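# Inside the fold
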Amino acid sequence: MSEKKSNGQVPEEGPDGKNLEQSEKKESFAFLEETIKPKKISRQQGMKQFIRIAICGLVLGGSACLGFFALRPLAQHLFPEKTQVVTIQEDNQSEEDLAEGGDTTEQNDAQNQQEISYVQMMSKAYEKALTAKKSVVSVTKGAEQENWNAEATGIDESVSGVIVADNGPEILILSYASICEDAKEWCVTFSDKSEYKASLKKKDKNSGFAIFAVDKKSLSDATWSASSVASLGNSNLTEQGDVIFALGNIFGYAGGSGYGIVSSSNYKEIGRDGEYSVIATDMSSASEGTGILFNLDGEVIGMISSDIWKERGIRTANAYAISDLKLVIQLLANGASVPYIGVSGTAVTSGIQKEEGMPSGVYVIDVAADSPAMAAGIQSGDVICSVNGEKIVSMSAYRKLMLTLKVGDQIKVEGKRRGSEGYVDIKFDVTIESKE
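Nothing here was measured: the structure is a model prediction, and the numbers come from that model.

## Quick notes on the sheet that holds strand S12 (residues 316-321)
- Here six strands make up a closed barrel; going around it, the order is S7-S8-S9-S12-S11-S10 and the pairing antiparallel. Averaged over all adjacent pairs, the angle separating strand axes in this sheet is 40°, with direction ignored.
- With four bridges connecting them, strand S9 (residues 274-284) and S12 associate as antiparallel partners. Directly across from Ile 279, in S12, lies its bridge partner Ala 319.

## Quick notes on the sheet that holds strand S4 (residues 186-189)
- Read around the closed barrel, six strands run S1-S2-S3-S6-S5-S4, paired in antiparallel fashion. Taken pair by pair, the neighbouring strands of this sheet meet at an average axis angle of 40°, ignoring direction.
- In this structure, strand S3 (residues 170-176) lies alongside strand S6 (residues 209-215), joined through seven bridges in antiparallel fashion. Along S6, the bridge assignment pairs Ser 175 with Ala 210.
- Sitting on the sheet, helix H7 (residues 326-333) is in contact with strand S2 (158-166), S3, strand S5 (195-204) and S6, with an inclination near 115° to S5.

## Observations regarding H7
- Of the residues making up H7, those classed as buried are Val 328, Ile 329, Leu 331, Leu 332 and Ala 333.
- Residues of H7 that are buried make contact with S2, S3, S5, S6 and helix H10 (395-402).

## Structural notes on the side chain of Thr 281
- Considering the arrangement of structural elements, one finds Thr 281 in strand S9.
- The residues contacting Thr 281, other than those within four sequence positions of it, are Ile 244, Ile 261, Ser 263, Leu 293, Thr 316, Ala 317 and Asn 318.

## Observations regarding a nonpolar patch on the surface
- On the surface, a nonpolar cluster with roughly 510 Å² of combined accessible area is contributed by Met 47, Phe 50, Ile 51, Ile 55 and Val 59.
- For Ile 55, the location among the structural elements is in helix H2 (residues 43-78).
- A relative accessible area of 47% means that Ile 55 is categorised as partly exposed.

## Some remarks on the pairing of strand S11 (residues 300-305)
- Among the six residues of S11, six are classified as buried, and the element is accordingly described as predominantly covered.
- Here five bridges tie strand S10 (residues 290-294) to S11, and the two strands are oriented antiparallel to one another. From the neighbouring strand, Leu 293 faces S11, where its bridge partner is Gly 302.
- Taking the residues that link successive antiparallel strands as the turn, the S10-S11 hairpin has five residues, and the phi of Gly 298 there is positive, at about 80°.

## Section: the nonpolar core
- Core analysis: the biggest nonpolar cluster contains 55 residues, and Phe 212, Val 214 and Met 303 have the highest contact counts within it.
- Broken down by element, the residue count for this core peaks at six residues, all from S6.
- In this structure, Val 343, Val 362, Tyr 398 and Val 413 belong to the second largest nonpolar core, which totals 21 residues.

## Things to note about the side chain of Ser 264
- Here Ser 264 shows up in strand S8 (residues 256-271).
- Among the polar contacts made by the side chain of Ser 264, one reaches the main-chain amide nitrogen of Asn 266 at a distance of 3.3 Å.
- The residues contacting Ser 264, other than those within four sequence positions of it, are Gln 240, Val 278, Ile 279 and Ala 280.

## Examining the confidence of the model for the chain
- Summing up the model confidence of the chain, the mean pLDDT is 82 and the portion of residues at 70 or higher is 77%.
- Note on residues 1-8: pLDDT is under 50 here. Beyond four places in sequence and across chains, it has seven contacts.

## Looking at the packing of aromatic side chains
- Per the stated rule, a full pass over the model turns up nine aromatic pairs.
- Ring plane angle 85° and centroid distance 5.9 Å describe the contact between Tyr 267 and Trp 309, whose orientation is recorded as edge-to-face. Placement of Tyr 267 in strand S8 and of Trp 309 in the loop between S11 and S12 is noted, with a sequence separation of 42 residues between them.
- When the centroid spacing of 5.6 Å and the interplanar angle of 65° are considered together, the rings of Tyr 276 and Tyr 320 count as edge-to-face. With a gap of 44 residues between them, Tyr 276 in strand S9 and Tyr 320 in strand S12 connect regions that are remote in the sequence. Of the two residues, Tyr 276 and Tyr 320, neither departs from the other in class, the shared state being buried.
- Three or more aromatic residues joined by ring pairs form one cluster here, namely Tyr 176, Phe 209, Tyr 276 and Tyr 320.

## Focus: the pattern of salt bridges
- In the structure shown here, the tally under the stated rule is eight salt bridges.
- Where Asp 166 meets Lys 216, a salt bridge forms, and the shortest distance between an N and an O atom there is 2.8 Å. Highlighted residues: Asp 166 in strand S2 and Lys 216 in the loop between S6 and helix H6 (221-225), separated in sequence by 50 residues.
- With its nearest N and O atoms 3.1 Å apart, the salt bridge here joins Glu 288 to Lys 310. Taken as a pair, Glu 288 in the loop between S9 and S10 and Lys 310 in the loop between S11 and S12 lie far apart in primary sequence, 22 residues in all.

## A word on the pairing of strand S18 (residues 422-431)
- Judged from the ten bridges that link them, strand S17 (residues 410-419) and S18 form a sheet pairing that is antiparallel. When the bridges of S18 are listed, Gly 415 appears paired with Ile 426.
- The loop that links S17 with its antiparallel partner S18 comprises two residues.

## So, unusual backbone geometry
- Of note in this structure, Lys 193 is not a glycine but carries a positive phi near 75°.
- Its place among the elements puts Lys 193 in the loop between S4 and S5.
- Judged by relative accessible area, Lys 193 falls into the exposed class, the value being 65%.
- In this structure, Asp 370 is a non-glycine residue whose phi angle is positive, near 55°.

## Concerning the environment of Ala 254
- With respect to the secondary-structure elements, Ala 254 resides in the loop between strand S7 (243-248) and S8.
- Judged by its relative accessible area of 43%, Ala 254 falls in the partly exposed class.
- What Ala 254 contacts, discounting residues up to four positions off in sequence, is Ser 138, Ser 158, Gly 248 and Asn 249.

Rules of the game
Residues numbered from 1 in each chain as written. Predicted model: local features only at pLDDT ≥ 70, side-chain atom pairs only at ≥ 80, totals over all residues. Heavy atoms only, no water. Pairing = 2+ DSSP bridges. Helix = DSSP H or I, 4+ residues; strand = E, 2+ residues; numbered from the N terminus. Axes fitted to C-alpha atoms, helices over the stretch in contact; angles between N-to-C directions. Contact = heavy atoms within 4.5 Å. Buried < 20%, exposed > 50% of the residue type's maximum accessible area, 1.4 Å probe, protein only. Patch = residues over 30% accessible without salt bridge, like charges linked within 9 Å, V, L, I, M, F, W, Y side chains within 5 Å. Areas by Shrake-Rupley, 256 points an atom, 1.4 Å probe, with all protein chains shown as cover. Salt bridge = Lys/Arg side-chain N within 4 Å of Asp/Glu carboxyl O. Core = buried A, V, L, I, M, F, W, Y, C linked by side-chain atoms within 4.5 Å. Polar contact = N/O pair within 3.5 Å; in protein donor to acceptor, adjacent residues only side chain to side chain. pLDDT = per-residue confidence, 0-100. Phe/Tyr/Trp six-rings, centres within 6.5 Å; stacked < 30°, edge-to-face > 60°.

So, in structure tokens, the structure goes:
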């Protein structure tokens, strides 16, 4: 028996026996069960869409960055960064500990070792200075009349000197040629304060040094035992930071001593017919100070001169390296003249050769007036390539070769001179002279 509706009507049935009304409702909503597939996007369209999104991202990111930097000062002002507490490390020992006599063994071992090393180093320097003082003297002009000011103050016009040789009958002293001006007699004061007459062995105004001789027979046994010949060291081994000491007239009076370090050993002073390495120190010096520079082995490594960098207003004790003076000292000690032609120059480096197209040799910076070089025709800007057929590649090589020559020798100088079409060969015949 079929079901009836609540109102008493019987629902209609379809041919298949199903409820006709429910079948019609199902058919009316059949479209909701269909699957809608998205339209396929081509690869080209995908790339365009990706690029569009990337560009938008860049624009948005750039705008954000600009906005951040523009607003950053305002944000820092409104929201200041919290300051941190600054802590300064205290000393190893407080004032209370020092007052109570705190134990010094609590200090850092490494620092303590450094202090010990420094004390030992300075103690060694002092001991070496006591020995080195035996070779240092003071040279003064022989006065025709009594110098009462010197008698009263003990300070006389003098320059430092160092005993460099004993040739048998004479004690030879290296000093400064400036003391030779307007003087015919000289006096040497040794380390025991005794004074003896000295004669001028030889001088060289070009280098600025002279050798004085004291008759060995005139020296008392006490003076001779209190004196010694200095050891001339290898100044080429001197390096920045080396501990050194200086003796002599460094501070404007004879017998002074100073201790310090080498502040630099890399600079040179250009002179006539050579260049000299400069040993710069951190010690102060008088405006006309002179002295002898020693290393910790008690060896002479330099001759202090106030003329070094004087035009720059520098008032430190700087010295000409002794290794660059040894050949000059040898000539003067033997009474020989130091060769001179009057050229100031510097080596043409490989870098300059490439950049400027210059030939190898010594570039002439300047030629002294009334010098043999000027008389021969050498000019500033010339490049000296050889002397007597020997190739010249540096100023030191030029200097060594010059010091093997003798006054009166005629040498052949070959080089290059820049012309309108490049460098041309030049040759000169130069007669060696000396400046005494």
